[in-house]
Amino acid sequence: MTELLTLDKVTVRFGGVTALDAVSLTVHEGQICALIGPNGAGKTTAFNAISRLVKPASGRITFGGGNLLSTHPADLAGLGIARTFQNLALWPGMSVLENVMVGRHARGRVGFAASVLGWPAAREDRALRARAYAMLDYFEITDVAHRECTGLPYGTLKRVELARALISDPRLLLLDEPAGGLTHGDVRELGELLLRLREERGITLLLVEHHMQFVMSISDYVFALDFGRNLVAGTPAELRDSPELVEAYLGTPV
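The structure displayed is predicted, hence computed values, not measured ones. (Residues numbered from 1 in each chain as written. Predicted model: local features only at pLDDT ≥ 70, side-chain atom pairs only at ≥ 80, totals over all residues. Heavy atoms only, no water.)

### Examining the overall build of the protein chain
Then, number 1: Counting its regular elements, the protein chain contains 11 helices and 10 strands.
Then, number 2: Counting every position in the protein chain, which comprises 254 residues, the buried fraction comes to 51%.
Then, number 3: Sequence separation of at least 24 residues holds for 67% of the intrachain contacts in the protein chain that already meet a minimum separation of 6.
Then, number 4: With an accessible surface of roughly 12100 Å², the protein chain has 51% of that area assigned to carbon and sulfur atoms. (Helix = DSSP H or I, 4+ residues; strand = E, 2+ residues; numbered from the N terminus. Buried < 20%, exposed > 50% of the residue type's maximum accessible area, 1.4 Å probe, protein only. Contact = heavy atoms within 4.5 Å. Areas by Shrake-Rupley, 256 points an atom, 1.4 Å probe, with all protein chains shown as cover.)

### Focus on the layout of surface pockets
Then, number 1: What the largest pocket holds in volume is close to 540 Å³.
Then, number 2: Taken together, the elements giving at least two residues each to the lining of the largest pocket come down to α2 (76-79), β6 (81-83) and α7 (154-166).
Then, number 3: Across the lining of the largest pocket, the residue classes tally to 13 nonpolar, 4 polar and 3 charged.
Then, number 4: Each of domain 1 (1-80 + 170-254) and domain 2 (90-169) accounts for three or more of the residues forming the lining of the largest pocket.
Then, number 5: Looking at the lining of the second largest pocket, the elements with two or more residues in it are α8 (184-201) and α9 (212-218).
Then, number 6: Counting residues per element, the lining of the second largest pocket draws most heavily on α8, at 6 residues.
Then, number 7: Here the lining of the second largest pocket is composed, by residue class, of 3 nonpolar, 5 polar and 2 charged. (1 Å grid on protein atoms, 1.4 Å probe; cavity = no way out; pocket = protein on both sides within 12 Å on 5 of 7 lines; lining within 4 Å. Points joined across faces, edges and corners; volume = space filled by probe spheres on them. Nonpolar A, V, L, I, M, F, W, Y, C, P; charged D, E, K, R; others polar. Domains from an automatic or database assignment.)

### Observations concerning the pairing of strand β10 (residues 229-234)
Then, number 1: Strand direction decides the pairing type here: strand β9 (residues 221-226) and β10, joined by 5 bridges, are antiparallel. Paired with Val-222 across the bridge in β10 is Gly-234.
Then, number 2: Hairpin geometry of β9 and β10 is characterised by an intervening segment of 2 residues between the two adjacent antiparallel strands and by a positive phi of about 55 degrees at Phe-227. (Pairing = 2+ DSSP bridges.)

### Notes on the sheet that holds strand β2 (residues 17-28)
Then, number 1: If you trace the 4 strands from one edge of the open sheet to the other, you get β2-β1-β4-β5, paired in antiparallel fashion. Both edges of this open sheet fall to β2 and β5 (66-67), since each of them pairs with a single strand only.
Then, number 2: Here strand β4 (residues 58-63) pairs with β5 via 2 bridges, running antiparallel. Each bridged residue has a counterpart across the sheet, and for Thr-62 the counterpart in β5 is Asn-67.
Then, number 3: Each of β1 (3-14), β2 and β4 is contacted by helix α1 (residues 43-50), which is oriented at about 115 degrees to β1, the strand it contacts most. (Axes fitted to C-alpha atoms, helices over the stretch in contact; angles between N-to-C directions.)

### So, the packing of aromatic side chains
Then, number 1: Taken as a whole and judged by the stated rule, the model has 2 aromatic pairs.
Then, number 2: Each ring, one from Tyr-138 and one from Phe-139, has its centre 5.4 Å from the other, and the planes form 75 degrees; the classification is edge-to-face. In this structure, Tyr-138 and Phe-139 share a single accessibility class: buried.
Then, number 3: Seen from the ring of Tyr-138, Arg-196 lies directly overhead, with NZ or CZ sitting 4.6 Å from the centre.
Then, number 4: The ring centre of Tyr-138 lies 4.3 Å from the NZ or CZ of Arg-201, which sits over that ring. (Phe/Tyr/Trp six-rings, centres within 6.5 Å; stacked < 30°, edge-to-face > 60°. Lys NZ or Arg CZ within 6 Å of the ring centre and 35° of its normal.)

### With respect to the pattern of salt bridges
Then, number 1: Applying the stated criterion across every chain yields a total of 9 salt bridges.
Then, number 2: When the shortest N-O distance is used, the salt bridge between Asp-21 and Arg-229 registers 3.1 Å. Placement of Asp-21 in strand β2 and of Arg-229 in strand β10 is noted, with a sequence separation of 208 residues between them.
Then, number 3: The partner of Glu-199 in a salt bridge is Arg-198, and the shortest N-O contact between them spans 2.8 Å.
Then, number 4: Judged by relative accessible area, Glu-199 falls into the exposed class, the value being 59%.
Then, number 5: Take Arg-198: its relative accessible area is 16%, and that puts it in the buried class.
Then, number 6: Via salt bridges that share partners, Arg-198, Glu-199 and Asp-220 belong to a single interconnected network. (Salt bridge = Lys/Arg side-chain N within 4 Å of Asp/Glu carboxyl O.)

### Regarding the nonpolar core
Then, number 1: Residues Phe-139, Leu-173 and Leu-194 are the most contacted members of the largest nonpolar core, which totals 48 residues.
Then, number 2: Of all the elements, α7 adds the most residues to this core, at 6 residues.
Then, number 3: Three or more residues apiece are contributed to this core by two domains, here domain 1 (1-80 + 170-254) and domain 2 (90-169).
Then, number 4: Contacts of Leu-173, omitting those with residues within four sequence positions, involve Ala-82, Arg-83, Leu-162, Ala-165, Leu-166, Ile-203, Thr-204, Leu-205 and Leu-206.
Then, number 5: Residues Ile-50, Leu-68, Phe-223 and Leu-225 belong to the second largest nonpolar core, which totals 28 residues. (Core = buried A, V, L, I, M, F, W, Y, C linked by side-chain atoms within 4.5 Å.)

Structure (structure tokens):
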């Protein structure tokens, strides 16, 4: 398998606090991988380091063989990396369609403001709007295309955020607690959707998640952190009864 994303002994400090301590992991192309661990383990910090939102004190991060740490955060979409957030980062005053279009403007020829406002340059580029509709159709939410996000069911908003991330054609999709706040039925549908994304679009996924049943049902490989350090890693079958993992979550040796 081809290595797509690698963290090599990445350390992140905030003042005197070490949030990540020489963390290493490798995600291969086409995999669904999960990053798990108790609260404060460093999972979101690892995501923020990959997303270039925080700067590691040491270590290397490579993507597709290139040095990711030399990449500006605004250039990640063009490189092939997209991300969703633990707290939905949707624009409440915009329609669902417009929110999805935001995800493509970094790669489009026409600026997003021009596209939404209907300026002449934007009208010439109908491909962006058509592509956004295609994404809504893929996620089965075309019926809310022209509604504002405010007031929509949480499960629908999660699909809007996924559609916005996928419209940029990423090679790697980072999902920060995608199952958080969803009903059991929505979690099941989300798992089926992510598996379909991998199979139909060949997208590699790395997710931070607390929902263990969800993680173990869709992941090819799982990395566990504790206190900002690598704890254990392996397939779901290998980690299901890991004493180190049980102790990290429950706080008592097994």
